[in-house]
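Read off the chains here:
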Amino acid sequence: MGCGRTGAAIAASLDQDGHSVTVLDLNAGQFRRLPDSFGGRMAVGNGMDAEVLERAGAREADAFVAVTQGDNRNYFASQLAREIFGVKNVVCRTKDPERGEIFGHLGLQTYSPTSAGAEAILAMLPNSGPA
Amino acid sequence: MYVIIAGGGKVGYYLGRELLSGDHEMLVIERSASRAAEINDLLEGTVQQGDACEASVLDGAGIARADLVAAVTGDDEDNLVVCEIARYRGVPRVLARVNNPTNALLFQKRGIETTVSATEAILSQIEQELPVTSMVPVMQLHQGLELVEVRLSETSPVVGRTPREVLLPPESLIALIVDSGGVPRVPGADTTLTVGDALVVVTRAESKGMLQEALIGGAHGFDT
């Protein structure tokens, strides 16, 4: 859910590895980010709508990844996938690390690009430890 | 009681005003700075500008000692997140406004039982105004018995039959038939049920579903 740079990259990679992938985005224009070789499905719709998720095949899905720009939208859709459609493996991108930590206690796998980015940048700065 | 309201739109504002006049301690958290300033004056300085979906904002608002958190923004995903964080912080009661009625199921699955949906509330009022296809409660009788009125439409499975041929749930009985002209009749062996008849039926509360199916058929009212 969410065909931005991250979503498109994940979808393309899974597709290339032979998995069956559906990419969901509100805006069909976002699918331009997918490579020409992409063999999966592209569905236009709001992932926070249970009907849209069902049509996208959520009931049969082994994994669900929410990578829209909105932490709360990602959370809402992730819980729909988990609670309503029983998807086992759900990953919810959460930019706000505080919120992400709480979401992690509520049944989701979360990933915070903010924390990960800060750590990566700190690691590139020599002598970034205690002065 | 200390109540935190997430969202200072129309619902949050009026809710806050009612709570203030009821002598509750109350705080409204509103994301938009201009809206927060606007209602802060009207709500005696009880409005804080901030994003209630951020745990640190809720912590700063004293969520640890809140008795109730009401999430009433116009976005269901925001309301869900506020309720989840509040519960995670140990707030005893959380309440959510649900803008899209189909989302109520997810709130329930997440253990947030109290949801309020204006759409649902209006819909149930509309259903009560539809006598053609619905069963209208008339009065409560003794020992769990109730009097209801059912108006027969073209799709009713009992049209054309006599009252005796109708299979009713246990302890249910057609007491009176008022035809479309307003003439009351006691049901007899030669009475034929016709479209437009209003049947006054004695039944039990737990049998109303079965009664509805017997007299009206499967689908009724609005299917939400």
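Worth saying up front: this structure is predicted, and the values here are computed from it rather than measured.

1. Re the overall build of chain B
Right, on to step 1. Looking only at helices and strands, chain B has seven helices and 11 strands in total.
Right, on to step 2. Relative to the 2.2 N^0.38 estimate, which gives 17 Å for 224 residues, the radius of gyration of chain B is 25 Å and therefore markedly larger than a compact globule would have.
Right, on to step 3. In chain B, buried positions account for 44% of the 224 residues.
Right, on to step 4. Considering only contacts within chain B whose residues lie at least 6 apart along the sequence, 55% involve residues at least 24 apart.
Right, on to step 5. For chain B, the accessible area works out to roughly 11,700 Å², and carbon and sulfur atoms hold 53% of it.
Right, on to step 6. Mean positive and mean negative side-chain charge positions of chain B (17 and 31 charges, respectively) differ by 3 Å.

2. Some words on the interface of chain B and chain A
Right, on to step 1. Listed as interface residues are 20 residues of chain B and, on the opposing side, 17 residues of chain A.
Right, on to step 2. Both sides together, the interface formed by chain B and chain A hides about 1,600 Å², and carbon and sulfur atoms give 67% of it.
Right, on to step 3. For the interface between chain B and chain A, the tally reads two salt bridges.
Right, on to step 4. As a salt-bridge pair, E83(A) and R110(B) come within 2.7 Å of each other at their nearest N and O atoms.
Right, on to step 5. Our count for the contact surface shared by chain B and chain A stands at six residue pairs in polar contact (both at pLDDT 80 or more).
Right, on to step 6. Elements supplying a minimum of two residues to the side of chain B that touches chain A: α3 (55-60), α4 (76-88) and α5 (104-109) of chain B.
Right, on to step 7. When residues in the side of chain B that touches chain A are grouped by element, the largest group, eight residues, is from α4(B).
Right, on to step 8. A class-by-class count of the residues in the side of chain B that touches chain A yields nine nonpolar, two polar and nine charged.

3. Notes on the state of the cysteines
Right, on to step 1. Summed over the entire model, instances satisfying the criterion amount to zero disulfides over all chains.
Right, on to step 2. The closest cysteine sulfur to the non-disulfide-bonded C83(B) is located on C53(B), 10.0 Å from its own sulfur.

4. Some details on the side chain of N103(B)
Right, on to step 1. Structurally, N103(B) can be placed in the loop between β5 (93-97) and α5.
Right, on to step 2. What makes N103(B) buried here is its relative accessible area of 9%.
Right, on to step 3. For N103(B), the residues in contact, after removing those within four places along its chain, are M48(A), F76(A), D76(B) and V98(B).

5. Brief notes about the sheet that holds strand β11 (residues 198-204) of chain B
Residues and elements named next belong to chain B.
Right, on to step 1. Strand order in the open sheet made by the five strands is β7-β8-β11-β9-β10, with antiparallel pairing throughout. Across the chains shown, the open sheet's two edge strands, defined by having one partner strand only, are β7 (135-140) and β10 (184-185).
Right, on to step 2. As defined by bridge partners, strand β9 (residues 173-178) adjoins β11 across five bridges and the pair is classed as antiparallel. Along β11, the bridge assignment pairs V178 with A198.
Right, on to step 3. Helix α7 (residues 208-215) rests against β7, β8 (145-151) and β11 of the sheet, and its axis sits at about 150° to β11.

6. Some words on the packing of aromatic side chains
A ring pair, where both rings are aromatic, is described by two values, the distance of the centres and the angle of the planes.
Right, on to step 1. Taken as a whole and judged by the stated rule, the model has three aromatic pairs over all chains.
Right, on to step 2. Relative to F103(A), the ring of Y75(A) has its centre 4.1 Å away and its plane inclined at 25°; by these criteria the two rings are stacked. Of this pair, Y75(A) sits in helix α3 (residues 71-84) while F103(A) sits in helix α4 (residues 97-104), placing them 28 residues apart in sequence. Comparing Y75(A) with F103(A) shows no difference in burial state: the two are buried.
Right, on to step 3. Sitting above the plane of the Y2(B) ring, R65(B) keeps its charged end 4.2 Å from the centroid.

7. Description of the sheet that holds strand β3 (residues 63-66) of chain A
Residues and elements named next belong to chain A.
Right, on to step 1. Spatially, three strands are ordered β3-β4-β5 in an open sheet, and the strand pairing comes out parallel. In this open sheet, the two strands that pair with only one neighbour each are β3 and β5 (109-111). Direction aside, the axes of adjacent strands within the sheet are offset by 15° on average.
Right, on to step 2. Pairing analysis gives four bridges linking β3 to strand β4 (residues 89-93), with the strands arranged parallel. Residue A66 lies in a different strand from β4, and its bridge partner there is C92.
Right, on to step 3. Of the strands in this sheet, β3 and β4 touch α3, which is tilted by about 170° from β4.

8. Quick notes on the pattern of salt bridges
Right, on to step 1. For the coordinates displayed, the defined rule picks out 16 salt bridges over all chains.
Right, on to step 2. With its nearest N and O atoms 3.1 Å apart, the salt bridge here joins R99(A) to D96(A).
Right, on to step 3. As a salt-bridge pair, E149(B) and R151(B) come within 3.7 Å of each other at their nearest N and O atoms.
Right, on to step 4. A relative accessible area of 26% means that E149(B) is categorised as partly exposed.
Right, on to step 5. A relative accessible area of 32% places R151(B) in the partly exposed class.
Right, on to step 6. Each member of the salt-bridge network shares a partner with another, and the members are R82(A), E83(A), E84(B), R87(B) and R110(B).

What counts, and at which threshold
- Residues numbered from 1 in each chain as written.
- Chains lettered and ligands numbered in written order.
- Predicted model: local features only at pLDDT ≥ 70, side-chain atom pairs only at ≥ 80, totals over all residues.
- Heavy atoms only, no water.
- Helix = DSSP H or I, 4+ residues; strand = E, 2+ residues; numbered from the N terminus.
- Rg over C-alpha atoms; globule rule 2.2 N^0.38 Å.
- Buried < 20%, exposed > 50% of the residue type's maximum accessible area, 1.4 Å probe, protein only.
- Contact = heavy atoms within 4.5 Å.
- Areas by Shrake-Rupley, 256 points an atom, 1.4 Å probe, with all protein chains shown as cover.
- Lys, Arg positive; Asp, Glu negative; His and termini not counted.
- Charge placed at Lys NZ, Arg CZ, Asp CG, Glu CD.
- Buried area = accessible area lost by both parts, 1.4 Å probe.
- Salt bridge = Lys/Arg side-chain N within 4 Å of Asp/Glu carboxyl O.
- Polar contact = N/O pair within 3.5 Å; in protein donor to acceptor, adjacent residues only side chain to side chain.
- Nonpolar A, V, L, I, M, F, W, Y, C, P; charged D, E, K, R; others polar.
- Disulfide = S-S within 2.5 Å.
- Pairing = 2+ DSSP bridges.
- Axes fitted to C-alpha atoms, helices over the stretch in contact; angles between N-to-C directions.
- Phe/Tyr/Trp six-rings, centres within 6.5 Å; stacked < 30°, edge-to-face > 60°.
- Lys NZ or Arg CZ within 6 Å of the ring centre and 35° of its normal.

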